[in-house]
Amino acid sequence: MATLTIDGQLITVPDGTRLFDACREARGEDLPHFCYHPDLSVAGVCRLCQVEIEGLPKLTIACNTTVRDGMVVQTRSKRVQQAVQQILEMHLINHPVDCPICDQAGECGLQDQYMAYGLYESEVAKADKVRKAKVQVIGPQVILDQERCVLCTRCVRFCDEVTGTRELGIFNRGDRAEIGVAPGRRLDNNYSLNTVDICPVGALTSRDFRFQKRVWLLRATPTICPGCATGCNLRADHEGGRIYRLVPRRNDEVNGPWACDLGRLSYKDIHAESRLAVALARGEGGLESRGWQEARAELFGLLKPGGVAFALADPRQSLEELVLFKRLGLRLAGEAQLAGGIAGEGMAESDGILLAADRRPNRQALRWLELPEIAPARLAETLRGARGTLLVFGGDPFAHAEIAAAAGRLRVVYLGTHLNATARAAQLVVPLAAWAEKDALWVNGRGRIQRGQRAVAAPGAAREDWRVLADLLDHLGDSLDLPGLAAVRRLVAQELGLADLDVLNRLPVGGLQPELPAKAPTQGE
Amino acid sequence: MSYKGLPEVVTRRRRSFWESAYFVEICKGLFVTGRHLVRNLLHTGEMPTVQYPEKRREYGPRFRGRHRLMKRADGSPRCVACMMCSTVCPADCITIVAGEHPDPAIEKFPKTFTIDLLRCVYCGLCEEACPCDAIRMDTGIYEIAADNRESFVVDKEFLLDNDKDGTL
Amino acid sequence: MVPVVFEALAKIVFMFLVIMSFVPLLIWAERKGSAFIQDRTGPNRAAILGLRLAGLVHPIADVLKLVFKEDVVPAQRHRVLYAFAPWLVMTVAMSTYAVIPFGDHLRLGGREYQLVVADLEVGLLYVLAVSSLATYGVALGGWASNSKYTFLGALRSAASMISYEITMGLALMGLFLVFGTFRLTELVHQQGDLIWGWLPRWGIVVQPVGFLLFIAAVYAETNRTPFDMTERDSEIVAGYHTEYSSLKFALFFMAEYAHMVIGAALIAALYFGGYQIPWLRRELIEDQAGLLLTGLLAAGALLHGWLASLYFRRARREKGWYRDAREREPGVLGAVALVIGLALLGSLLLRPWSLGAAGASVLATLLQTGFFIAKIACFAWLFIWVRWTVPSFRYDQVMRLGWQILLPVGLVNLVVTALWLAAAHRP
């Protein structure tokens, strides 16, 4: 342990701590910086985190200094302030100050630090600034503006150290130095949008988010990525009922500060044209829209105990929904005619960084709840001779031609979010809320329960899944009393055999890895 | 504010007999209103009413009238769709959809720029917020009329060429 | 028989026309007068071919608007009473005029015509009875609309009727004691006398306190400010007629002004000598008819000449103000005034000073009726003037004034009058 004095305040930190982190702890806020990033190597190129250390004649950068016992550090002295201001002025010599058209404005390091440490009058006329290339498309997701760049090299280090793809580098020297893509290459990896996040200025911007919304208008809601079994923590930035972007939320147990591009673009499905916003029922001319009450009556008519041939869920449904669905399926169809999903669906290669081989966010919950998955061929066989109703909860089993062909004589009830093959073949379609439109729990491949909150409202008449299922259960005479989500989560805890029934109602921000009783062993990814 | 020195209890002034008899007071009141009536009858021309469509009040040069969008030398809008005005607008009446401009020196431009004149409160904050002097409220137009609500939502083309009279 | 019917019909039509032409004029006076009292210009925009007549065209526009407006009715109303109430109010307003004499007897072609529709023995009682019937219309309308505001308005109307009817009755009792008759023609006739040879024996002279009581009661009965609690906008929206629109509202609205005219006519007839012209008895007019007519014609010609000069000056001044048909208005009005003035001047050539006996009788009647109408106009204007001067009473103040002040004062007035009469006529 090392004890040092920072701004007159005694602080004890473990040996080997960076002085930068010790200063953050002592000051309660970061030192000014561009290039330092806790998950990347130290570059020490921006020179902004200058501190004054007693005994050293010159100012030193804190990010590249390790703490020593007995160090006396000044971070707010006149000398430091002057140095920071001058370095900031250097950074801004060639900056185009095009904040009005820059997507970074509002969350920009330059803006924040100019307001905190700069506030000088610029001595460089706009005409004298070095002009560089603007609007350079350097990859499928990223646009580069070399004028705005402060050469902090965070993006270069990211591509070197995290993805190992090494597309980016610094070219030329002096005030002609610029970030660029290696000759003949593009910034085309599945993590390229992370460079946009870590860029402290507006040099790298997202093509998807470009000019869509000013960031200060967005409101943030914590969610969980539905893209794969990793369950990266995301922040949904939304405004007016529409999600504009997803950015990673730091969770060192799951995804660190990163997230893959695939997951970050998964919000597009929510606002797809094919979203179901109204209940549909088969009439004379195909599917016709129905009011909620009519659809509800029709739903109750179609789902009668004994009249249901098979009940099929999907591993993209949340933990609470699967618990309720299992209860419903047992009541309607029986254990033999109940499955949690189609076996083998959504399996691909893992990329070794974040993207898991299992591209379903909640398959682990199926294992916990002992809801078996069924192979398409077996399901087709089961359905071929059956009569009655086929209840499909989420997913799109009819994308498999054999299942669609085998279910020809069944009346299909589809509870789901999109107008897909299953919905088109259904007798009754009930619109549900998509993943970011409901408060829900997800179990990732490692058995961590994480909570995604409701960012936007579901379109039209679409309802939260658990309400529909609870309504059905209530109609079928289930004695459960489920006035709200908290009660559902108590039921889930009971179903999982957790000792504390309320544990799921006060889940920590980073999620929870529960100790489950032996009957439901946690399996590998 | 201090109430020191003021009496703590305010006593109601007692009305005299003639005041509470009301009749005399009514006559006094009638005299006052009658005086106004007669004066106005004899000097109709001196009434403060402005006979509006024929005569108009003079407004100062800082009067905030209907908005207009300024143009660049080539006639395209100066606006770069930075959304400062729509952000600062207390009535939330400005809607801008930004687009990618083919010229990388301009980069961002408003694909649409609509102002809902029915919601606008003419506070002038959009003018103040604009970093490019692209929006101004100096047209001096204050008679804004139409026979349907849709007409009050004016678009970019209208605002760029905004020297017509009030009829939308 | 037939001539009698014709005579009655002619008198009814005449009264009806007078009242119905008073109503729009009063509405105009109300709007324009209130505007001038409040330093505004008031209505001056509606025009027919550029003629605005200082806003007199507005009542026409108002009526047209109200007639063609959609009749919005509450769904839960009492259908029959809801439709019946405005007609009841209007009919009652019209009926009261039946007993008010608008002139002395007219002698024409050897016959004498009584210038009153119905010369009832119990004229004053008739007035009291019929005028309080109007409250039924208001109460029924307010109740049948099935709305809390109209209902409150109706309740207040009933309350103020009960409270002030008594005061009105007491005031009229005093008058009855003095003149000894309920017959209105007789009452007005007696007011033509002079006391001590110079003071007209008007009701206000013999019953000054009674006059104050009566005028307060009339204001309360007509629901005009300061007793407008049945339609107090700040408390109960528009009171009893909140739920009425279109023509039914127009009826209520016109009835209010018709009631004002009754009120003014009653005040004029009972306390200000009715059609009597002070110091100018009918016999005197008939004697000096030729001279009077000559003077009137000359005065009329002078007046119109002066008006014409005023209008022509205004036409010069307003040149180029409007640049439309309105600019012609002063010129046209000036020309009309000039033509009338010249016609009056020209009629002097008909040698009006040699008027026949029938002509003299007609002239006397015209003068007296004109004088009566002028008195009505004065008191109707007083209604308007008071409304735009004094603030309203609160409901409890209205009740206190009625029961605790006016009623005892009325009783005392009656007793004092009786004692005074007893002392004066002691054998």
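Structure shown above.
Below is a short write-up of the structure. Remember, it's a predicted structure, so these values are computed and weren't measured experimentally.

1. Brief notes about the overall build of chain C
Consideration 1: The helix and strand tally for chain C stands at 15 helices and four strands.
Consideration 2: Relative to the globule expectation of 22 Å for 427 residues, the C-alpha radius of gyration of chain C, 24 Å, shows essentially globular dimensions.
Consideration 3: If one aligns the C-alpha atoms of chain C with their principal axes, the spans along those axes are about 75 × 65 × 45 Å.
Consideration 4: Going through the 427 residues of chain C one by one, you find that 50% of them count as buried.
Consideration 5: Residue pairs in contact within chain C that sit at least 24 positions apart in sequence constitute 79% of those at least 6 positions apart.
Consideration 6: Carbon and sulfur atoms form 71% of the exposed surface of chain C, whose accessible area is close to 20,300 Å².
Consideration 7: When the 35 positive and 28 negative side-chain charges of chain C are each reduced to one mean point, those points stand 7 Å apart.

2. Quick word on the packing of helix H8 (residues 208-221) of chain C against helix H14 (residues 357-387) of chain C
Packed helix pairs are specified by the crossing angle of their axes together with the interaxial distance, meaning the distance between the axes.
Residues and elements named next belong to chain C.
Consideration 1: One way to put it is that H8 packs onto H14 with a least axis distance of 12 Å and a crossing angle of 75°. Classified by the interaxial angle, the pair formed by H8 and H14 is roughly perpendicular. Across the interface between the two elements, Ile215, Val218 and Tyr219 from H8 touch Leu382, Phe383 and Val386 from H14.
Consideration 2: When its residues are assigned to classes, the contact of H8 with H14 shows six nonpolar, no polar and no charged.

3. Digging into the pairing of strand S2 (residues 9-13) of chain A
All names here are of chain A.
Consideration 1: For strand S1 (residues 2-6) and S2, the ladder comprises five bridges, and the chain directions are antiparallel. Note that in S2 the partner of Ile6 across the bridge is Gln9.
Consideration 2: Two successive antiparallel strands, S1 and S2, enclose a turn made up of two residues, where Asp7 displays a positive phi of approximately 50°.

4. A look at the pairing of strand S3 (residues 108-116) of chain B
Residues and elements named next belong to chain B.
Consideration 1: Pairing geometry for strand S2 (residues 94-100) and S3, over seven bridges, is antiparallel. Looking at the pairing, Gly99 lines up with Phe109 of S3.
Consideration 2: Relative to strand S5 (residues 153-154), S3 is paired through two bridges, and the arrangement is antiparallel. Residue pairing across strands places Asp116 opposite Val153, the latter belonging to S5.

5. Some words on the interface of chain B and chain A
Consideration 1: Counting residues at the interface gives 14 residues for chain B, matched by 11 residues for chain A.
Consideration 2: Summing the contributions of chain B and of chain A, the shared interface buries around 1,100 Å²; its carbon and sulfur component is 64%.
Consideration 3: Salt-bridge contacts for Arg210(A) lead to Glu107(B); the nearest nitrogen and oxygen are separated by 3.0 Å.
Consideration 4: Our enumeration of links across chain B and chain A arrives at four residue pairs in polar contact (both at pLDDT 80 or more).
Consideration 5: For the side of chain B that touches chain A, the elements supplying multiple residues, two or more each, are helix H3 (84-88) and S2 of chain B.

6. Some remarks on helix H1 (residues 19-27) of chain A
Residues and elements named next belong to chain A.
Consideration 1: Of all the residues in H1, the buried ones are Leu19, Phe20, Ala22, Cys23, Ala26 and Arg27. Angular distribution of buried residues about the axis of H1 spans 160°; they occupy a single face of the element.
Consideration 2: Packing partners of the buried residues in H1 comprise S1, S2, strand S3 (50-53), strand S5 (72-74) and helix H3 (109-118).
Consideration 3: Backbone geometry just after H1 places Gly28 at a positive phi near 80°.

7. What about the arrangement of the chains?
Consideration 1: Contact analysis covers two pairs of chains in contact, and the most contacts occur between chains B and C.
Consideration 2: At the level of C-alpha atoms, the two units chain A and chain C stay apart, their nearest approach being 29 Å.

8. Quick look at the interface of chain C and chain B
Consideration 1: Across the boundary between the two partners, chain C contributes 21 residues, which contact 21 residues of chain B.
Consideration 2: Roughly 1,700 Å² is buried in total at the junction of chain C and chain B, and carbon and sulfur atoms are behind 65% of that figure.
Consideration 3: By the criterion of area lost to chain B, the three top residues of chain C are Phe36(C), Asp39(C) and Trp385(C), representing 33% of everything that side buries.
Consideration 4: In this structure, the salt-bridge partner of Asp39(C) is Arg39(B), at a minimum N-O distance of 3.9 Å.
Consideration 5: Linking chain C with chain B are eight residue pairs in polar contact (both at pLDDT 80 or more), by the criterion used here.
Consideration 6: Where the side of chain C that touches chain B is concerned, the elements lending two or more residues are helix H1 (2-37) and H14 of chain C.
Consideration 7: No other element matches the four residues that H14(C) contributes to the side of chain C that touches chain B.
Consideration 8: Looking at the side of chain C that touches chain B, its residues break down into 13 nonpolar, four polar and four charged.

9. Looking at the nonpolar core
Consideration 1: One finds Phe214(C), Leu270(C) and Phe372(C) to be the most contacted residues of the largest nonpolar core, which totals 85 residues.
Consideration 2: Broken down by element, the residue count for this core peaks at 16 residues, all from helix H10 (residues 246-271) of chain C.
Consideration 3: Leave out the neighbours within four places in its chain, and Phe372(C) touches Ile100(C), Pro101(C), Phe102(C), Ala265(C), Ala268(C), Ala269(C), Gly274(C) and Tyr275(C).
Consideration 4: Grouped together as the second largest cluster of nonpolar side chains are 58 residues, Leu48(A), Val196(A), Leu204(A) and Leu355(A) included.

10. Topic: the packing of aromatic side chains
Residue and element names in this part refer to chain C.
Consideration 1: One pass over the structure, following the stated rule, counts 26 aromatic pairs over all chains.
Consideration 2: Counting every residue linked through ring pairs, the aromatic cluster contains Trp202, Phe211, Phe214, Tyr271, Phe272 and Phe379.
Consideration 3: If you follow Lys148 out to its NZ or CZ, it ends over the ring of Tyr149, 5.7 Å from the centre.

11. Some remarks on the pattern of salt bridges
Consideration 1: Applying the stated criterion across every chain, the model contains 60 salt bridges over all chains.
Consideration 2: Close ionic contact of Arg24(A) with Asp21(A) constitutes a salt bridge, the shortest N to O distance being 3.0 Å. You can see Arg24(A) and its partner Asp21(A) sitting in helix H1, three residues apart, about one turn around the helix.
Consideration 3: Residue Glu143(B) is joined to Arg56(B) by a salt bridge in which the shortest nitrogen-to-oxygen separation is 2.5 Å. Pair noted here: Glu143(B) is in the loop between strand S4 (135-136) and S5 and Arg56(B) is in the loop between helix H2 (23-42) and strand S1 (68-69), with a separation of 87 residues, a long-range link.
Consideration 4: Each of Asp98(A), Arg131(A), Lys134(A), Asp145(A), Glu147(A), Arg148(A), Arg210(A), Glu100(B) and Glu107(B) takes part in salt bridges that share partners, so that together they form one network.

About the thresholds
- Residues numbered from 1 in each chain as written.
- Chains lettered and ligands numbered in written order.
- Predicted model: local features only at pLDDT ≥ 70, side-chain atom pairs only at ≥ 80, totals over all residues.
- Heavy atoms only, no water.
- Helix = DSSP H or I, 4+ residues; strand = E, 2+ residues; numbered from the N terminus.
- Rg over C-alpha atoms; globule rule 2.2 N^0.38 Å.
- Buried < 20%, exposed > 50% of the residue type's maximum accessible area, 1.4 Å probe, protein only.
- Contact = heavy atoms within 4.5 Å.
- Areas by Shrake-Rupley, 256 points an atom, 1.4 Å probe, with all protein chains shown as cover.
- Lys, Arg positive; Asp, Glu negative; His and termini not counted.
- Charge placed at Lys NZ, Arg CZ, Asp CG, Glu CD.
- Axes fitted to C-alpha atoms, helices over the stretch in contact; angles between N-to-C directions.
- Parallel < 35°, antiparallel > 145°, perpendicular 65-115°, else oblique.
- Nonpolar A, V, L, I, M, F, W, Y, C, P; charged D, E, K, R; others polar.
- Pairing = 2+ DSSP bridges.
- Buried area = accessible area lost by both parts, 1.4 Å probe.
- Salt bridge = Lys/Arg side-chain N within 4 Å of Asp/Glu carboxyl O.
- Polar contact = N/O pair within 3.5 Å; in protein donor to acceptor, adjacent residues only side chain to side chain.
- Arc of directions from axis to C-beta.
- Core = buried A, V, L, I, M, F, W, Y, C linked by side-chain atoms within 4.5 Å.
- Phe/Tyr/Trp six-rings, centres within 6.5 Å; stacked < 30°, edge-to-face > 60°.
- Lys NZ or Arg CZ within 6 Å of the ring centre and 35° of its normal.

Don't take any of this as a statement about function, it's just geometry.
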